[in-house]
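# Per-entry structural report
Next come the chains, spelled out residue by residue.
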2 protein chains.
Amino acid sequence: MATIIDVAKLAGVGIGSVSRVINGKDSVSDKTKLKVNKAIKALNYKPNQSARSLVSKKFNTIGIWGTELAGTFNSQTLRVIDHELITHEKHCLVTNGDISNLGNPNVAIDSVNDLISKGCDGIIFWGTDITHFDIGFIEKYFPNIVLLNNRIEKFDQKCFYFNHYKAGYIAGQHLVDNGHKSIACITGDFQTEDGRKRHEGFLDSMKDNNITVPSEFIIEGDYSFIKGQESVMTLLKRNLDFTALFCGNDQSAMSAIATLTSNGFNVPDDISVFGYDDNDIAPFTSPPLSTIRVPFDDMALAAVRYLLNTCYDLQLSVEHNFPVELIERKSVRNLT
Amino acid sequence: MATIIDVAKLAGVGIGSVSRVINGKDSVSDKTKLKVNKAIKALNYKPNQSARSLVSKKFNTIGIWGTELAGTFNSQTLRVIDHELITHEKHCLVTNGDISNLGNPNVAIDSVNDLISKGCDGIIFWGTDITHFDIGFIEKYFPNIVLLNNRIEKFDQKCFYFNHYKAGYIAGQHLVDNGHKSIACITGDFQTEDGRKRHEGFLDSMKDNNITVPSEFIIEGDYSFIKGQESVMTLLKRNLDFTALFCGNDQSAMSAIATLTSNGFNVPDDISVFGYDDNDIAPFTSPPLSTIRVPFDDMALAAVRYLLNTCYDLQLSVEHNFPVELIERKSVRNLT
DNA sequence: TATATAATTGGAAACGCTTCCAAACAATTT
DNA sequence: AAATTGTTTGGAAGCGTTTCCAATTATATA
């Protein structure tokens, strides 16, 4: 592979001139520019980024550390991130922190260190599967970080999160407002913080309305289609009397609807279903799903932009406020 | 940030020894190893990968060039790739070739060159949105590539693809076998090669069964939920008499089912629906969707492994054969 | 104990680039 | 024509590693 020296030789100039042409910021005469560009083309020369970043201390790459790199909506979010980065001529280096099966307890920190030593100028932490302690530790020697869908008071500016508690509360209140008093629940994954938060919010809305939710009405889910199905089956077997079902996300809501339907229940006439996320799927379940819109894409965009600003001295506008929005479709029946 | 020299000084050894300890392949005495490791910890030292790869010519990173980085199943596939890479201590650098809106016609080649000059040891080309000509050009100076869900005869070994033609044919035949003679179609995206191929296969199966499909029975889709809905609506408006609907993917099949249902048609009693992909969603539509299983994950795994083998001299087993599999669920009615 | 062999070690050279500085050249002013 | 100013240029130094070689130290053998 051709180096800058080859180009300089072929063009009959010094390496400094070649470098100047490549980077296009210092002044070079048109004559030199021409000669250099011709040589670059002739040799199919591509600057070696390792050498470049070794001296410039910039890698033009943002690391993404995530445990949420699966799931229907997340690829869309990843795309948003990538698109914004490419717009600013940066790249993204992806790493999946969630590799519990590799048997290394330090995987989280290790993979972050990898990202750092690989030269990432900044890192997006996506998800809550990293301890606050770890983040604090990392932030000390590597401050260019941002948290997506996670919140740590200490770094509030660097956090881009959604008020899942409030959203859960609003969802519950909405069901109550529609006359529901007996509500079952397939929660999100309690392993994740937002899964817990939205459930807390839901529970508190019940409490504030003097409604008790017996524990057999609650099943801990994990956001998957299959778990939604299974949970409905156990709920049905328990022979409980509920008029509404609050699901931890749209996926489980969807399979819940399908399972309910194939078991002879009409949604929403017999049982109302309420989702969470406002996925791509939500408008296309039958009936279309009422849900909470979580503006993941907006959050992701804001997070990248914040990082872009701090890493490369840009001035992109950054949103920090992501309001809870309730989307009413057809899956909740008004009982009043 | 601490460098290898700092570590050497603190440990009271030469930089060579530090390097040897880090890389753990040359012999070092236990005493030295201990001193060095202590210093590394004390300084929170992380080797600079740019410097490393500058000399070693290895970056331990695989580039992913893709235009298919959205969609329900793709994030799962990305996860498979990432997981396999991490298992072998490699990373993935993701770039999205599909940024048509940036207005640069050379985006494809440019973004690939970026990946190369950034030091990627190999590249996965994911999708068909790059011309054979471009691939040929790139392969000449950068042979460590692999094509996922794409086929170019010349590089057959490096291609990991699925026989979409055959799958389309089998899908059509299955509908015919179940007594369907009047079949409508919401195709995949004809912009993509596999969208075209599966449609060709379908059409040929019709021809071989002496069934003509009038053009008003065919609507070009784009794989999206919304397009599935719209297409069903236009089909319905045209007032055609069809007993089955073949969809270009599961997403459009799902929204087609929902739309059909909400318009008073029972699936499959009135109209049968057949999908394509065997997504996560497929088992959870109502009724559960009969479809073609496309083993994206297996293909992706094989592709990474092939690349891993060529880039890093490994000997992982690599599958090259991905059979077409028809998944029968409940969305196709037997008319015979 | 002296010698031959093996294991370990330190540090120079090289990787390909950017940046800086002094030198060369050009344009302008006196 | 000489002096001043401004523009462009070449190439040395340095970025933080790995790798190599010669030198040192430890071990085994006679």
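Report on the accompanying structure. (Residues numbered from 1 in each chain as written. Chains lettered and ligands numbered in written order. Predicted model: local features only at pLDDT ≥ 70, side-chain atom pairs only at ≥ 80, totals over all residues. Heavy atoms only, no water.)

### Looking at the protein's contact with DNA strand D
Just so we agree on the cut-off: Proximity is defined per residue: any heavy atom of the residue falling within 4 Å of a molecule or strand makes that residue near it. Within 3.5 Å is the distance limit for a polar contact, defined as a pair of N or O atoms, with the added protein rule that one can donate a hydrogen and the other accept it, and that residues adjacent in sequence qualify only through two side-chain atoms. Each residue gets one label: Ala, Val, Leu, Ile, Met, Phe, Trp, Tyr, Cys and Pro are nonpolar, Asp, Glu, Lys and Arg are charged, and the others, such as Gly, are polar.
Around DNA strand D, the structure places 28 residues, and the nearest of them are S17(A), R20(A), S29(A), T32(A) and S19(B). Those atoms of DNA strand D that come within 4 Å of the protein belong to sugar or phosphate at a rate of 61%. One nitrogen or oxygen atom from the side chain of S27(A) is found 3.0 Å from a phosphate oxygen belonging to DNA strand D. Grouping the amino acids of the surface near DNA strand D by side-chain chemistry returns 12 nonpolar, 11 polar and five charged.

### With respect to the relation of the copies chain A and chain B
Let me state the cut-off plainly: Superposing the copies works by least squares over the C-alpha atoms of residues that have pLDDT at least 70 in both of them. In what follows, a contact means two residues having at least one pair of non-hydrogen atoms within 4.5 Å.
The operation relating chain A to chain B is a screw motion whose rotation component is 180°, with 0.0 Å of axial translation and a residual RMSD of 0.1 Å. Both chain copies can therefore be described as sitting about a two-fold axis. When you check the interface residues of chain A against chain B, 100% turn up at the interface there too, and the contact is symmetric in its surfaces.

### Focus: the sheet that holds strand 8 (residues 244–247) of chain B
Residue and element names in this part refer to chain B. Quick note on the threshold: DSSP bridges decide pairing: two strands pair if at least two such bridges lie between them. Starting at the N terminus, helices and strands are each numbered in turn, a helix being any DSSP run of H or I of at least four residues and a strand any DSSP run of E of at least two. Simply put, an axis is a line fit to the C-alpha atoms, just over the touching stretch for a helix, and the angle between two N-to-C directions goes from 0 to 180 degrees.
Taken together, the four strands give an open sheet; going across it, the order is 7-6-8-9, and neighbouring strands pair in parallel fashion. Each end of this open sheet is capped by a strand with a single partner; those strands are strand 7 (218–219) and strand 9 (272–274). With two bridges connecting them, strand 6 (residues 183–186) and strand 7 associate as parallel partners. Bridge assignment links C185 to a residue of strand 7, and that residue is I218. The sheet strands contacting helix 10 (residues 225–237) are strand 6, strand 7 and strand 8, and the helix crosses strand 6 at an angle near 145°. Of the strands in this sheet, strand 6, strand 8 and strand 9 are in contact with helix 11 (residues 250–262), which crosses strand 8 at around 150°.

### Points about unusual backbone geometry
Residues and elements named next belong to chain A. Applicable threshold: For every residue, the accessible area (1.4 Å probe, protein chains only) is compared with the maximum for its type, and the residue is labelled buried under 20%, exposed over 50%, or partly exposed between those bounds.
A cis amide bond links V267 to the next residue, P268, at an omega of 10°. Mapped onto the elements, P268 comes out in the loop between helix 11 (250–262) and strand 9 (272–274). Between S286 and the following residue, P287, the backbone shows a cis peptide bond with an omega angle of 0°. Among the structural elements, P287 can be located in the loop between strand 9 and strand 10 (291–293). The phi dihedral of N210 falls on the positive side, at around 60°, and the residue is not glycine. With respect to the helices and strands, the residue N210 is situated in the loop between helix 9 (193–208) and strand 7 (218–219). Assessed through its relative accessible area of 71%, N210 is described here as exposed.

### Describing the protein's contact with DNA strand C
Near DNA strand C, the surroundings consist of 27 residues, among which I4(A), S19(A), Y45(A), S29(B) and T32(B) are the closest. Each atom of DNA strand C within 4 Å of the protein was classed as base or backbone; sugar and phosphate made up 65%. In this structure, R52(A) approaches DNA strand C through a side-chain N or O atom, which is 2.9 Å from a phosphate oxygen. Here a base oxygen of DNA strand C sits 2.7 Å away from a polar atom, N or O, in the side chain of R20(B). Of all elements in the fold, only helix 2 (15–23) and helix 4 (49–56) of chain A together with helix 2 (15–23) and helix 4 (49–56) of chain B reach the threshold of two or more residues within the surface near DNA strand C. Counted by class, the surface near DNA strand C contains 12 nonpolar, 11 polar and four charged residues.

Without other data, these values stay purely geometric and don't point to any function.
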